[in-house]
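# Secondary and tertiary structure notes
The primary structure of each chain is shown beneath.
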Amino acid sequence: TAPGASRATRGPRRRARLSKWPTSWREFVAGRRRKGREVALKALYQAAVAVERDFGVLEETIRSEIDDPKARAQAREAVRGVLERLDEIDARLRAAATNWSPERMAAVDLAILRLAAWEILFSDDVPPKVAISEAVDLAGEYGTRDSGAFVNGVLDRILREQEGRAPRKDAE
């Protein structure tokens with residue numbers, strides 16, 4: 001190109017990314033974790049809708065959806081963790097979601113809330129704010145228009161109670 005050519009005539013500096021392959025290790029691991037979380041959500045949705053508590057059936061859902069062994073292990077751990085502590089998680093959701101019992105919540109929202117609540121309360125692998133952010137993203141993708149705000153409010157209250165802080169008044 002000519003020395004005096006403008007940016008528009010010289011073309012872009014960097015080549016456009018041609019594939020969906022991650023550009024860094026962090027992106028790769030985040031993608032794996034996201035896939036594990038999405039499949040765990042599907043299994044927990046199945047458990048909520050069909051009242052399916054047989055881990056063998058849910059394991060088949062996980063196995064059929066994920067090829068990556070580490071993502072599969074993450075999904076398996078999350079689903080098993082939620083099912084093992086389901087009563088405790090639902091009690092926390094019931095307390096945090098003013099005027100909403102788990103039985104009244106949309107099944108997708110309930111599955112997302114159960115997964116994220118388990119990550120916040122019982123998993124050391126995910127920082128709580130990341131768990132909330134991922135849950136809000138999943139709610140935006142799989143839930144209704146209002147799901148993200150609902151999920152964010154409930155999980156924020158659970159996190160504040162977990163940290164020993166009083167929930168904000170405007171969160172009610």
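Residues numbered from 1 in each chain as written. Predicted model: local features only at pLDDT ≥ 70, side-chain atom pairs only at ≥ 80, totals over all residues. Heavy atoms only, no water.

Membership of the largest hydrophobic core comes to 42 residues, with the highest contact counts inside it found for Val79, Leu93, Ile120, Leu155 and Ile158. Mapped onto this core, the elements with two or more residues apiece are helix H2 (25–50), helix H3 (55–65), helix H4 (69–84), helix H5 (86–96), helix H6 (107–122), helix H7 (128–142) and helix H8 (147–162). Element by element, the count of residues in this core is highest for H6, at 10 residues. With near-sequence residues (within four places) excluded, isoleucine 158 lies in contact with Arg92, Leu93, Ala96, Ala117, Ile120 and Leu121. (Core = buried A, V, L, I, M, F, W, Y, C linked by side-chain atoms within 4.5 Å. Buried < 20%, exposed > 50% of the residue type's maximum accessible area, 1.4 Å probe, protein only. Helix = DSSP H or I, 4+ residues; strand = E, 2+ residues; numbered from the N terminus. Contact = heavy atoms within 4.5 Å.)

What follows covers the environment of alanine 48. Locating alanine 48 in the fold gives a position in helix H2. Counting along the chain gives 60 residues from alanine 48 to valine 108, while the straight-line C-alpha distance between them is 8.4 Å. Discounting chain neighbours no more than four positions away, the residues touching alanine 48 are Ala107, Leu110 and Arg114.

Our focus in this paragraph is the pattern of salt bridges. Summed over the entire model, instances satisfying the criterion amount to 13 salt bridges. A salt bridge links glutamate 141 to arginine 34; its shortest N-O distance comes to 2.7 Å. Placement of glutamate 141 in helix H7 and of arginine 34 in helix H2 is noted, with a sequence separation of 107 residues between them. Given the relative accessible area of 19%, arginine 34 is considered buried. Across the salt bridge formed by aspartate 156 and arginine 160, the nearest N and O atoms sit 3.1 Å from each other. (Salt bridge = Lys/Arg side-chain N within 4 Å of Asp/Glu carboxyl O.)

Further remarks concern the environment of glutamine 162. Structurally, glutamine 162 can be placed in helix H8. In this structure glutamine 162 comes out as partly exposed when scored by relative accessible area, which is 38%. A C-alpha to C-alpha distance of 9.9 Å links glutamine 162 and arginine 92, two positions 70 residues apart in sequence. With residues near it in sequence (within four places) discarded, glutamine 162 still touches Arg92 and Leu121.

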